[in-house]
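Structural description and commentary
The lines below spell out each chain.
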Amino acid sequence: MLIEGFAGLVWLLYLAMLVLAVVALVMAALFRDDAYRAAGKQNKGFWLIILGVTVAVNLLVPMLFLQLAGLVATIVFFVDVRPALRQMGGGGGWGRRRGGSSSDGPYGPYNGGR
């Protein structure tokens, strides 16, 4: 019974790593290529390959060492690359506005000359 519970926990861990890798791959695909260069990170193709290989390893190769290496790449994307890309405004914002109102100008709110 304890072994079955442990096996279920390991399966859940594998599933969580796969979901994180797929989400990171989709996010990496949504950002523009020039945002990667502006943020000083590796290019878009590099991250798409790394995260795509991570997804493939999680789906096809049941080796925990390779999956943990892919998890490290996924965490690096979420913790380091994604915030830098969002700061550059390179797309991938899932349709959210960056704040402010529709009457804001480039130097702050427009108050109609008052």
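Numbering of residues starts from 1 in every chain and runs along the sequence as written. Local features in this predicted model are restricted to residues whose pLDDT is 70 or higher, and side-chain atom pairs enter the listing and the counts only when it is 80 or higher, whereas totals over whole chains, interfaces and linings include all residues. Side-chain numbers here rest on the full set of heavy atoms in the structure, without hydrogens or water.

Some points on the side chain of Asn58
Structurally, Asn58 is set in helix H3 (residues 44–60). Accessible area is worked out with a 1.4 Å probe on protein chains only. A residue is then buried under 20% of its type maximum, exposed over 50%, and partly exposed in between. Taking relative accessible area as the criterion, Asn58 reaches 12% and is therefore assigned buried. When neighbours within four sequence positions are excluded, Asn58 is seen to be in contact with Met17, Leu18, Ala21 and Gln67. Helix and strand definitions here come from DSSP, where helices need a minimum of 4 consecutive H or I residues and strands a minimum of 2 consecutive E residues; each element is numbered from the N-terminal end. Here, two residues are considered to be in contact whenever any of their heavy atoms come within 4.5 Å of each other.

Description of the packing of aromatic side chains
Aromatic ring pairs are defined here through the distance separating the ring centres and the angle between the ring planes. Here the aromatic set is Phe, Tyr and Trp, taking the six-membered ring for Trp, and pairing holds for ring centres within 6.5 Å; pairs whose planes are under 30 degrees apart are stacked, those over 60 apart are edge-to-face, and all others are tilted. On inspection of all chains with the given rule, the structure shows three aromatic pairs. Here the aromatic rings of Trp47 and Phe77 are separated by 5.8 Å at their centres, their planes lie at 55°, and the arrangement is tilted. Here Trp47 is found in helix H3, whereas its partner Phe77 is found in helix H4 (residues 64–88), with 30 residues between them in sequence. One exposure class covers both Trp47 and Phe77, and it is buried. A relative accessible area of 0% means that Phe77 is categorised as buried. Members of the aromatic cluster, each reached through a chain of ring pairs, are Phe46, Trp47, Phe77 and Phe78.

Here we look at the pattern of salt bridges
By definition, a salt bridge exists where a carboxyl oxygen of Asp or Glu is found within 4 Å of a side-chain nitrogen of Lys or Arg. Applying the stated criterion across every chain, the model contains three salt bridges. A salt bridge links Asp34 to Arg32; its shortest N-O distance comes to 3.0 Å. Under the relative-accessibility criterion, Asp34 is labelled partly exposed at 34%. Ionic pairing is found between Asp33 and Arg37, a salt bridge with its closest N-O pair at 3.1 Å. Of this pair, Asp33 and Arg37 are both found in helix H2 (residues 33–39), four residues apart, which corresponds to roughly one turn of the helix. Residue classification places Asp33 among the partly exposed positions, given a relative accessible area of 34%. Judged by its relative accessible area of 54%, Arg37 falls in the exposed class.

Remarks on the nonpolar core
In globular proteins that are soluble, nonpolar side chains generally tend to be buried together. Counting 13 residues, the largest nonpolar core has Ala28, Tyr36, Trp47, Leu51, Phe77, Val81 and Leu85 as the members making the most contacts within it. Elements supplying a minimum of two residues to this core: helix H1 (2–30), H2, H3 and H4. Ranked by residue count, the leading element in this core is H4, at four residues. Other than its neighbours up to four places away in sequence, Val81 contacts Tyr36, Lys41, Trp47 and Val76. We call a set of buried Ala, Val, Leu, Ile, Met, Phe, Trp, Tyr and Cys residues a nonpolar core when their side-chain atoms join them within 4.5 Å.

Overview of H3
A helix is expected to reach a length of 1.5 Å times the quantity of its residues less one. In this model, H3 (17 residues) spans 24 Å end to end at C-alpha, consistent with the 24 Å of a helix rising 1.5 Å per residue. Among all positions of H3, only Lys44, Trp47, Leu51, Thr54, Val55, Val57 and Asn58 are buried.

Section: the packing of H3 against H4
Each axis is a line fitted through C-alpha atoms, and for a helix only the stretch in contact is used; angles between axes span 0 to 180 degrees, taken between their N-to-C directions. Viewed as axis vectors pointing N to C, H3 and H4 meet at an angle of 140°, and their least axial separation amounts to 9 Å. Comparing the axis directions of H3 and H4 gives the class oblique. H4 is crossed by H3, and the crossing has left-handed handedness. Listed contacts from H4 to Trp47, Ile50, Leu51, Thr54, Val57 and Asn58 of H3 are Leu66, Gln67, Gly70, Ala73, Thr74, Val76, Phe77 and Val81. The residue classification treats Ala, Val, Leu, Ile, Met, Phe, Trp, Tyr, Cys and Pro as nonpolar and Asp, Glu, Lys and Arg as charged. All others, Gly included, are polar. Residues that form the contact of H3 with H4 fall into these classes: nine nonpolar, five polar and no charged. Throughout, the term roughly parallel applies to angles under 35 degrees, roughly antiparallel to angles over 145, roughly perpendicular to angles from 65 to 115, and oblique to all others. In this scheme the handedness of a crossing depends on how the near helix is turned from the far one: anticlockwise by less than a right angle means left-handed, clockwise means right-handed.

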